[in-house]
Amino acid sequence: MTALRLGTRGSALALTQSRLVAEELTAVTGRPVELVRIVTPGDRSSAPVAQLGVGVFVSALRDALVAGEIDFAVHSYKDLPTGDFPRLHIAAVPRREDPRDALIARDGLTLTELPPGATIGTGAVRRIAQLLALGLELQVTPIRGNVDSRIARVLGPEADLDAVVLARAGVARLGRTAEITETLDPMLMLPAPAQGALAVECRADDTDLVELLSTLDHAPTRAAVLAERSMLATLEAGCSAPVAAHAEIAEGDDGDEIYLRGAVISPDGVRAIRLSRTGTPAGAAEIGKALATDLLDAGADTLMGSTE
């Protein structure tokens, strides 16, 4: 039986995520999978993620898919641009890892235990804005690098930071949750849209593979991510401030309900608009769009101006 070619970035986290999907697919369908490493422009650059632009980690994988060099790819869903890519299809969204952010600090400290002036590193403008909004007098610094190198800046022999904030999902997938000193409540630090979720993508016209990969799909995760990303997509046209979103699906009186929280924060953390919407998983996309409209009506598009 011919092995399916799974394209992946070469980072430890990307390889781990791809192996998880490959192993699950083989277990469920019996098809062998081989990993094909693809180097992306984002991997070659040391510039801050915010300067690199959306999609910098996925463009090379998508090019390889379109060219037929690989059969499918696994992405961190939050790295995907929100616009459609006509020739490709998200065939599966596997069960999501914990979407919350995590703190790894020296001496086992929690966020509120860090002393005034403590240095805390993170790569996301969304996290920087929310950390500043807490008013804890922390020195927040933008950082790049993989999960291991970020943790080393706190716990390694040449540590130069008091703490870092990063996605709990990546730390968990690499088996390093013992080093987390606090998993941050979404009320304090609302995650990025689609954080903790994976997207399994293949060519849209490869109908047999679309069907095969769909065995990995987790409907509640797909609905939650669809709500979050619909909110983000609607905001992207009218607001360039940091955006956060978190959707949860729970049993309601009349079946499953989706509860979506969204926030837009000024980059300096001084102003924030936080709203929520509820509905059914079947209406996930509409819930996201409606919440984005609510946020824009409340002035989300003006939040970039607060740093001028």
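Our structure's up above, just so we're on the same page.
Residue numbers restart at each chain and count upward from 1, following the sequence in its written direction. For a predicted model such as this one, the threshold for reporting local features is a pLDDT of at least 70, and the threshold for listing and counting side-chain atom pairs is 80 or more; totals across whole chains, interfaces and linings nevertheless cover every residue. By convention in this description, side-chain values take in all heavy atoms of the structure and omit both hydrogens and water.

Side note on the layout of surface pockets
(1) Moving on: With a 1 Å grid spanning the protein atoms alone, the term cavity applies to any set of points in which a 1.4 Å probe fits but cannot get out, the term pocket to an open set with protein on both sides within 12 Å along at least five of seven lines, and the term lining residue to any residue with an atom within 4 Å of a point. Grid points are joined across faces, edges and corners, and a volume is the space filled by probe spheres set on the points. One number sums up the size of the second largest pocket: a volume of about 420 Å³.
(2) Moving on: If you go around the second largest pocket, you meet 19 residues; those closest to its centre are Y77, T82, G83, D84 and R229.
(3) Moving on: Each helix is a run of DSSP H or I of at least 4 residues and each strand a run of E of at least 2, with the numbering of both proceeding from the N terminus. Residue contributions to the lining of the second largest pocket peak at six residues, all from helix α9 (residues 219-236).
(4) Moving on: Here the residues of the lining of the second largest pocket are counted per class, giving eight nonpolar, five polar and six charged. Classification convention: Asp, Glu, Lys, Arg as charged; Ala, Val, Leu, Ile, Met, Phe, Trp, Tyr, Cys, Pro as nonpolar; all other residues, Gly among them, as polar.

Section: the nonpolar core
(1) Moving on: Each nonpolar core is a collection of buried residues, namely Ala, Val, Leu, Ile, Met, Phe, Trp, Tyr and Cys, held together in the definition by side-chain atoms within 4.5 Å. The classification of residues rests on relative accessible area computed with a 1.4 Å probe and restricted to protein chains. Under 20% of the type maximum is buried, over 50% is exposed, and intermediate values are partly exposed. Of all hydrophobic cores here, the largest spans 22 residues; its most connected members are M231, L235, L260, V264 and L295.
(2) Moving on: If you list the elements that add at least two residues to this core, you get α9, β11 (243-252), β12 (255-265) and α10 (284-297).
(3) Moving on: With six residues, α9 is the largest single contributor of residues to this core.
(4) Moving on: Contacts are assigned to residue pairs with any non-hydrogen atoms lying within 4.5 Å of each other. The contacts of V264, once residues within four sequence positions are left out, are L235, C239, A241, P242, V243, R271, A272, I273, L295, A300 and L303.
(5) Moving on: Core analysis: the second largest hydrophobic core is formed by 17 residues, V21, A22, A91 and L216 among them.

Looking at the pairing of strand β4 (residues 88-92)
(1) Moving on: For β4, a buried count of four out of five residues is recorded, marking the element as mostly surrounded by other parts of the structure.
(2) Moving on: The pairing criterion for strands is at least two bridges between them, as found by DSSP. For β4 and strand β10 (residues 198-203), the ladder comprises four bridges, and the chain directions are antiparallel. Directly across from I90, in β10, lies its bridge partner E201.

Take it as geometry only, folks, not as evidence of what the structure does.
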